[in-house]
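# Observations on chain architecture
Below are the chains, spelled out letter by letter.
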Number of protein chains: 2
Amino acid sequence: MTVRVVVPYDAADPKTRLADILDAEERAAFGEAMLQDVVAAIDAAGAEPEVLATASVDLSVPVTVDDQSLTPAVNTVLADATDPVAVVMADLPLATPAAVSRLFDAQGEVVLVPGIGGGTNAFLTRSAAFRVDYHGASIQDHRRTAAPLDGAVTELDSFRLSMDIDEPVDLPEVLLHADGRAATWLHQRFTLETQDDRVTVIRR
Amino acid sequence: MTVRVVVPYDAADPKTRLADILDAEERAAFGEAMLQDVVAAIDAAGAEPEVLATASVDLSVPVTVDDQSLTPAVNTVLADATDPVAVVMADLPLATPAAVSRLFDAQGEVVLVPGIGGGTNAFLTRSAAFRVDYHGASIQDHRRTAAPLDGAVTELDSFRLSMDIDEPVDLPEVLLHADGRAATWLHQRFTLETQDDRVTVIRR
């Protein structure tokens, strides 16, 4: 199957909800490390990732710059597509080649991967009619908009793809479960601490 | 494969970390609804769940009362076992028969399912030597203790089994992704609200 795989990336001010724990420069470095992990997982799964960025970013894979916001930028890709399209968010440093392969191989005209907190962390559409709306609890909107399309809407059950890194409370998952660039970057600066059965990260 | 499937349940004071949003009576009702959802998913996956509770609880499946804390209670089960044993936590209302079946079918001498925040939400052991320690970031301990056992340690990648419901921030996931007793109970009392791209639950 030929599938076009697109990774949207906000190069301007990534990961603002991590501002309580990382400064702007750190957020940029960590965001780019996560992006590179996602790109590497897709590449290792045998696909050719393209990055759809809001501004120029230096990567070894093709980068398209589109300064539209996320929803119209992704819908432009979907409107132009002739083959199936997969869209995988850039803040999934737990992504593995196996998890990405499961997305590509999943049955369904539209395959949705929810994100924790109601988002849509990834999807694969074999329908030319599917469009996205990333505002709010987008997984609910995407279930609704995909339902009337010809063919089944399915969901992929993957912790590694559902676990997006948005807030400080998410950072332990990177230290616990990832081993790529984002994990290396974070391990150099933070360590896990367990208090009252809750795991957090603290500065080294 | 014959597999013994055990669901530990704290019947005394369940879900204390939900105390900011649910009173004691509500926590008991919600905790029991989640337990029933987990039991139903295991049953629908073709296995025969047993509940290992700290006190008597009225269910349609066998209940063993053991007032030991979680770790020694589970290790007592493991020490007595002759067949493979799966242990699935009671606070996984997103569990589906498909997700539970993937655990039973997974390759590996020990199959671990991490929980968000470093816990171990479920496991399957085909080794008689595996023991648990649920303190702190237990997934790290379980990886370490399982590694020297004869055979591969694997992990199952499942959002539905990794998403345990411990804190108020976890409750939206029940409304977004579950449709069993816990979801029904919660829908009657709470509704989703989206603010600044974060989803929360608020009282109706």
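Look up: the structure comes first, before these words.
Quick summary incoming for the structure in this document. (Residues numbered from 1 in each chain as written. Chains lettered and ligands numbered in written order. Predicted model: local features only at pLDDT ≥ 70, side-chain atom pairs only at ≥ 80, totals over all residues. Heavy atoms only, no water.)

### Remarks on the pattern of salt bridges
All names here are of chain B. Counted according to the given criterion, the structure contains 20 salt bridges over all chains. Its salt-bridge partner being D91, residue K15 comes within 2.8 Å of it at the nearest N-O pair. Placement of the pair is K15 in the loop between β1 (4–9) and α1 (24–44) and D91 in the loop between β4 (85–88) and α3 (97–105), with a sequence separation of 76 residues. Ionic pairing is found between D166 and K15, a salt bridge with its closest N-O pair at 2.9 Å. (Salt bridge = Lys/Arg side-chain N within 4 Å of Asp/Glu carboxyl O. Helix = DSSP H or I, 4+ residues; strand = E, 2+ residues; numbered from the N terminus.)

### A few points about the relation of the copies chain A and chain B
Each copy of the sequence occupies a distinct position, and chain A is placed on chain B by a rotation of 180 degrees and an axial shift of 0.0 Å, giving an RMSD of 0.0 Å. One copy is carried onto the other by what is essentially a two-fold rotation axis. No C-alpha of chain A lies nearer the rotation axis than that of F159 of chain A, which sits 1.9 Å from it. A shared binding surface is used by both copies, with 100% of the interface residues of chain A retained as interface residues in chain B. (Least-squares fit on C-alpha atoms with pLDDT ≥ 70 in both. Contact = heavy atoms within 4.5 Å.)

### Details of the pairing of strand β4 (residues 85–88) of chain A
Each regular strand displays side chains that alternate between the two surfaces of the sheet. All names here are of chain A. The side-chain alternation of β4 yields two buried faces, one formed by V85 and V87 and the other by A86 and V88. Examined bridge by bridge, strand β1 (residues 4–9) and β4 share three bridges and lie parallel to one another. Residue pairing in the sheet places V5 in a bridge with A86 of β4. Judged from the four bridges that link them, β4 and strand β6 (residues 120–125) form a sheet pairing that is antiparallel. Note on β6: the bridge partner recorded for A86 is L124. (Buried < 20%, exposed > 50% of the residue type's maximum accessible area, 1.4 Å probe, protein only. Pairing = 2+ DSSP bridges.)

### A look at the sheet that holds β6 of chain A
Think of a sheet as strands paired side by side through backbone hydrogen bonds, with each pair either parallel or antiparallel. Residues and elements named next belong to chain A. With mixed pairing, seven strands are arranged side by side in an open sheet as β3-β2-β1-β4-β6-β5-β7. Every interior strand has two partners, whereas the edge strands, β3 (63–65) and β7 (153–155), have only one. Taken pair by pair, the neighbouring strands of this sheet meet at an average axis angle of 20 degrees, ignoring direction. In the packing of helix α2 (residues 70–80) onto the sheet, contacts are made with β1, β2 (49–53), β4 and β6, and the angle to β1 comes to roughly 165 degrees. In the packing of helix α3 (residues 97–105) onto the sheet, contacts are made with β1, β4, β5 (110–114) and β6, and the angle to β6 comes to roughly 45 degrees. (Axes fitted to C-alpha atoms, helices over the stretch in contact; angles between N-to-C directions.)

### A look at the layout of surface pockets
Residues and elements named next belong to chain A. Its volume calculated, the second largest pocket comes out at about 210 Å³. Around the second largest pocket, the lining comprises 14 residues; the ones closest to its centre are P93, A95, T96, D179 and G180. The element best represented in the lining of the second largest pocket is helix α1 (residues 24–44), accounting for four residues. Of the residues in the lining of the second largest pocket, the class split is eight nonpolar, three polar and three charged. (1 Å grid on protein atoms, 1.4 Å probe; cavity = no way out; pocket = protein on both sides within 12 Å on 5 of 7 lines; lining within 4 Å. Points joined across faces, edges and corners; volume = space filled by probe spheres on them. Nonpolar A, V, L, I, M, F, W, Y, C, P; charged D, E, K, R; others polar.)

### Points about the packing of aromatic side chains
All names here are of chain B. Applying the stated criterion across every chain, the model contains four aromatic pairs over all chains. Between F30 and W185, the ring centres sit 5.4 Å apart and the planes meet at 35 degrees, which makes this aromatic pair tilted. Here F30 is found in helix α1, whereas its partner W185 is found in helix α7 (residues 181–189), with 155 residues between them in sequence. Neither residue differs from the other here; F30 and W185 are each classed as buried. Both rings, one in F123 and one in F130, keep their centres 5.2 Å apart while their planes meet at 70 degrees; by these two values the pair is edge-to-face. (Phe/Tyr/Trp six-rings, centres within 6.5 Å; stacked < 30°, edge-to-face > 60°.)

### So, the sheet that holds strand β2 (residues 49–53) of chain B
All names here are of chain B. In space, the seven strands of this open sheet follow the order β3-β2-β1-β4-β6-β5-β7, with mixed pairing throughout. For this open sheet the edge positions go to β3 (63–65) and β7 (153–155), each flanked by a neighbour on one side alone. On average, adjacent strands in this sheet sit at an angle of 20 degrees to one another, irrespective of strand direction. As paired strands, strand β5 (residues 110–114) and β7 are joined by three bridges and run parallel to one another.

### Observations concerning helix α7 (residues 181–189) of chain A
Residue and element names in this part refer to chain A. Of all the positions in α7, only A182, A183, W185 and L186 are classed as buried. When α7 is viewed along its axis, its buried side chains cluster within an angular range of 160 degrees and face the same direction. More than 90 degrees from the buried face of α7, the exposed residues found are R181 and Q188. Its buried side turned inward, α7 meets α1, α6 (171–177) and β8 (190–195). (Arc of directions from axis to C-beta.)

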